[in-house]
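# Secondary and tertiary structure notes
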Amino acid sequence: MKNNIALYIIAGLLMFSQFCNAQTNVIVLEDNTQVQVHDKSSVTCNMHSMIKVINEKGADAVNFDCQCSKDERISSFSGVITDQTGRVLRKIKKGDLLKSEYSHEMATDDYMMHFQYTPPVYPIIVTYDWTVEMSNGFVSLPSFAPQTDYDVEVNHASYKLITPNDNPCRYQCINTNWKVNKTTLGNNTVIDVSMDSLHAIHKESYSKPIYQIMPRILFAPADFVYKGTKGSMASWHDLGLWFNGLLTDRNFFNNTAKTRIHELTDTCRDAKSKIALLYQLLEKSTRYVSIQLGIGGMQPIAASDVYNNGFGDCKGLSNYMRAMLNEAGIRSNYAIISTKYDRQLPTFPSLDLFDHAILQVPLKGDTIWIECTAPDLALGYVHSDIAGHDALVMTDEGGKLCRLPEYADTTNIQHSDIDITLGPGRMALINMSQCSYMRQYEDKLALVSAGDKERKEYINDAMKVPDAEISNMDVTLHKQSYSVPSIQIDACISSHGYANLTGSRLFVPLNPSHRGFSIPESNNVRKHDIYKSYGYIDEENITIHIPAGFTLEACPRDTICQSPFGKLAFSLAHKDNDIKVNYKLLMNKGLFSADKYSQLYDFMKLLASLYSQKIVLKKI
């Protein structure tokens, strides 16, 4: 009996272990980085990585990728892939790496060294060792982030940074309290950190993006040399001064360009009118091409080159707009921002978290933020990739962190007028007119230039009408400067299977635009807070015409349901042969505590039920 009990205990422990590890896709067995800063111009980085890929969900971790340039290259590389018994499946040499140029649309010194492998079995163990040599200065150093994705467990990882005493580097811990050791060894300062047994972060519904919660440490120089320039990251102010140096002599035009700018703007009554005309000129005369040549990864190409060639990247186009405004007598400020991270670190100036350039135009009583790479966007509209994000603005006095505005959930509106004429049997003719504003306008911008096939695919996905045939579809863009932008979609849809006819009764769905409303999985043990990144209003006014020979037998009652996550109001009115239906849904964005997950589940389940309601019509 005791032996049987012991067997049950062992079996239970094995089942518990399998359950705990069921979501782990990758185990980082070893991740060791050593960075040797020789001086302000040169750095050697030695990396060793050994990972165990458990299943196909972790397959991307098998691949090797390293971004390089003419001043940052791989000097040595080796790799080996084995199965879990140690049998070698593949050895990789430096010559096996592929050099991937980014695109013919990009003028760039950057390239990616890449190796891709598809495992024949799982689990496998992948080991890579490589060295990167950096020359001609640096503005950033490799970060310490051994846990790069959800469902990744780390057994051991270490990082060592060696710098000359007269060229110190700084560090910033994010989402971690790992102990960082700092010692002096002769003429060098050594910063090292190591960690063991980092549990996987398992992905849950409505989780934050992994980069917002994964532990990592950033490293950056205090004073730096970069491609022939000198700068300081002692403060955001100082970093802005360095950027101002990169912008020097980049805003001049020839006389032909100056004449064109003045012909456009000299008769304008105010600054906003000038800005609008120059934004239209930017839209009509330029296109986006990435520029990463020389110091071009940080420095915009000259405004005169953009004018002559008709293209530029985010840096070049922002500087070009800045130069045109300057010629028209309007001051503006070049700014850099992240489309990924909403917050910069106030006490840790660095360039690690920036990836985009925009323009700030400070006016009396107003500030206009201009995205110069997306001509479909209305002037003055702050798009979702940067709304509410911190930007480093280059003022005449130096750099300054500023936060961009973001819009209230109640401004992101989608309003649909839907008219449903029921035909013989299960048939229905549906006419829809849908207007989308702000963020919901932005989500549909691709439809403006999309073909007929892509537009019909959108309607099929949005309306979810069975056996749908779509005709007479129009997409109209409304984007007047400084006004609320919108997109209007008009479509006519016919269906041979919209309603269900059973005997003498016809069962008719009330709302064709929200059928199949998704419900998150039930989760009794929620670990992480609930993250809702996007708030909005959806409203549908629906008219259903009762066909001849039928009368309304049953319909749902008016309902209002509310929770911390939003509110839905439903109403129905019957007059003569028409049924008027109104749905109005407000979904709130925000960060909600994990203990509210059951409320979210119940709320979403109730929404799905309300959106799937039907009326019953009976033959007279």
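For the structure, see preceding data.
Summary of the structure given here. (Residues numbered from 1 in each chain as written. Predicted model: local features only at pLDDT ≥ 70, side-chain atom pairs only at ≥ 80, totals over all residues. Heavy atoms only, no water.)

### Notes on the overall build of the protein
Condition: Helix numbers and strand numbers start at the N terminus; a helix is a DSSP run of H or I with at least 4 residues, a strand a run of E with at least 2. Using a 1.4 Å probe on the protein chains alone, a residue whose accessible area is under 20% of its type maximum counts as buried, one over 50% counts as exposed, and one in between counts as partly exposed. Two residues form a contact once any of their heavy atoms are found within 4.5 Å. Areas reported as accessible are Shrake-Rupley estimates using a 1.4 Å probe. Residue values count occlusion only from the protein chains shown. The charge count treats Lys and Arg as positive and Asp and Glu as negative. His and the chain ends do not count. To locate a charge, take NZ of a lysine, CZ of an arginine, CG of an aspartate or CD of a glutamate.
If you tally the helices and strands in the protein, you get 11 helices and 38 strands. With the principal axes as the frame, the protein shows a C-alpha extent of 100 × 95 × 40 Å. A burial count over the protein gives 48% of its 620 residues as buried. Taking all contacts inside the protein whose residues are at least 6 apart in sequence as the whole, residues at least 24 apart take part in 71%. Carbon and sulfur atoms make up 50% of the accessible area of the protein, which totals about 29500 Å². Charge separation in the protein, taken as the distance between the mean sites of 61 positive and 68 negative side-chain charges, equals 3 Å.

### Focus on the sheet that holds strand E12 (residues 181–185)
Operational definition: For two strands to count as paired, DSSP must find a minimum of two bridges between them. The axes used here are C-alpha line fits, helices contributing only the stretch in contact, and every angle between their N-to-C directions lies in the interval 0 to 180 degrees.
An order of E5-E4-E9-E2-E1-E10-E13-E12 is seen for the eight strands of this open sheet, with the pairing classed as mixed. Each end of this open sheet is capped by a strand with a single partner; those strands are strand E5 (88–93) and E12. Taken over all neighbouring pairs, the strand axes of this sheet differ in orientation by 10 degrees on average, direction set aside.

### Description of the sheet that holds strand E8 (residues 111–115)
Each strand in a sheet pairs with another by means of backbone hydrogen bonds, the pair being arranged parallel or else antiparallel. Taking strand neighbours across the sheet as the criterion, the three strands line up as E3-E8-E6 in an open arrangement whose pairing is antiparallel. Strand pairing shows two members of the sheet lacking a second neighbour, strand E3 (64–68) and strand E6 (98–100), which therefore form its edges. Strand-to-strand twist across the sheet, computed as the mean angle between neighbouring axes with direction ignored, equals 25 degrees. Pairing between E6 and E8: three bridges, direction antiparallel. In the sheet register, Ser 100 faces E8, and the bridge partner there is Met 112.

### Points about the side chain of Ser 205
With respect to the helices and strands, Ser 205 occurs in the loop between strand E13 (188–198) and helix H2 (210–213). What makes Ser 205 buried here is its relative accessible area of 15%. Excluding anything up to four places from it in sequence, Ser 205 contacts Pro 520, Glu 521, Arg 526 and Tyr 597.

### Digging into the environment of Ile 358
Locating Ile 358 in the fold gives a position in strand E21 (residues 356–363). In the structure, Ile 358 is positioned 330 residues away from Val 28 in sequence and 38 Å away in space, judged by C-alpha atoms. When sequence neighbours within four positions are dropped, the list of residues in contact with Ile 358 reads Ser 318, Asn 333, Tyr 334, Ala 335, Ile 337, Trp 369, Ile 370, Glu 371, Ile 386 and Leu 404.

### So, the pattern of salt bridges
For the record, the criterion: Salt bridge, as applied in this entry: a Lys or Arg side-chain nitrogen positioned within 4 Å of an Asp or Glu carboxyl oxygen.
If you walk through the whole model with that rule in mind, you get 14 salt bridges. Put simply, Asp 366 and Lys 272 hold a salt bridge, and the shortest N to O gap is 3.0 Å. One end of the pair, Asp 366, is in strand E22 (residues 366–370); the other, Lys 272, is in helix H5 (residues 271–285), with 94 residues separating them in the sequence. Overall, Lys 272 belongs to the partly exposed group, its relative accessible area being 31%. The partner of Glu 406 in a salt bridge is Lys 589, and the shortest N-O contact between them spans 3.0 Å. A residue pair is termed long-range when its members are at least 10 positions apart, and Glu 406 in the loop between strand E24 (398–403) and strand E25 (413–422) and Lys 589 in the loop between strand E36 (578–587) and strand E37 (590–592) qualify at 183 residues. According to the relative accessible area criterion, Glu 406 is partly exposed, its value standing at 47%.

### Remarks on helix H10 (residues 452–463)
Where we set the bar: Helix span, as expected, comes to 1.5 Å for every residue beyond the first. The directions considered for the arc are those from the helix axis to the C-beta atoms.
Here H10 is 12 residues long and its end C-alpha atoms lie 16 Å apart, about the 16 Å a rise of 1.5 Å per residue gives. Of the positions making up H10, those classed as buried are Arg 455, Tyr 458, Ile 459, Ala 462 and Met 463. The arc enclosing the buried residues of H10, seen along the axis, measures out at 105 degrees, which places them on a common side. Facing away from the buried side of H10 by more than 90 degrees, the exposed set consists of Lys 453 and Asp 461. Buried residues along H10 sit in contact with E25, strand E26 (428–437), helix H9 (446–449), strand E27 (468–478) and strand E28 (486–495). A positive phi of about 55 degrees marks Lys 464, the residue just after H10.

### Concerning the nonpolar core
Here is a general trend for soluble globular proteins: nonpolar side chains tend to be buried in one another's company. Our working definition: In this text, buried Ala, Val, Leu, Ile, Met, Phe, Trp, Tyr and Cys residues form a nonpolar core when linked through side-chain atoms within 4.5 Å.
Counting 84 residues, the largest nonpolar core has Met 321, Ile 370, Ile 459 and Leu 617 as its most contacted members. Broken down by element, this core gets its largest block of residues, seven residues, from helix H11 (residues 597–611). Setting aside anything within four residues of it in sequence, one finds Leu 617 in contact with Leu 422, Ser 504, Arg 505, Leu 506, Val 508, Ile 546, Pro 547, Phe 550, Thr 551, Leu 552, Glu 553 and Ile 579. With 45 residues, the next largest nonpolar core counts Val 37, Tyr 117, Leu 141 and Leu 198 among its residues.

### Focus: the environment of Pro 168
Along the chain, Pro 168 falls in the loop between strand E10 (152–164) and strand E11 (169–174). Classification of Pro 168 by relative accessible area gives partly exposed; the value is 41%. C-alpha separation for the pair Pro 168 and Ala 222, spaced 54 residues apart in sequence, amounts to 6.5 Å. Setting aside residues no more than four positions away along its own chain, Pro 168 makes contact with Thr 163, Pro 221 and Ala 222.

### Side note on the packing of aromatic side chains
Rule in force here: Any two of the Phe, Tyr and Trp rings considered here, Trp counted by its six-membered ring, make a pair once their centres fall within 6.5 Å; the pair's planes then place it as stacked at under 30 degrees, edge-to-face at over 60, or tilted in between. Criterion for a charge above a ring: Arg CZ or Lys NZ at most 6 Å from the ring centre, at most 35 degrees from the ring normal.
If you walk through the whole model with that rule in mind, you get 21 aromatic pairs. Between the aromatic rings of Tyr 381 and Tyr 441, the centroid separation amounts to 5.5 Å while the plane-to-plane angle is 85 degrees, which identifies the pairing as edge-to-face. Taken together, the residues span a long stretch of sequence, with Tyr 381 in the loop between E22 and strand E23 (390–395) and Tyr 441 in helix H8 (residues 439–443) at a distance of 60 residues. In this pair, the class of Tyr 381 matches that of Tyr 441, namely buried. Measuring from ring centre to ring centre gives 4.9 Å for Tyr 583 and Tyr 611, while their planes differ by 20 degrees; the resulting arrangement is stacked. In this pair, Tyr 583 is assigned in strand E36 and Tyr 611 in helix H11, connecting sequence segments 28 residues apart. Feature note: the residues Phe 144, Tyr 159, Tyr 171, Trp 178 and Phe 219 constitute an aromatic cluster, connected by ring pairs. Taking the ring centre of Tyr 111 as reference, the NZ or CZ of Lys 99 above it sits at 4.3 Å. In this structure, Arg 439 is placed above the aromatic ring of Tyr 534, and the distance from its NZ or CZ to the ring centre is 4.0 Å.

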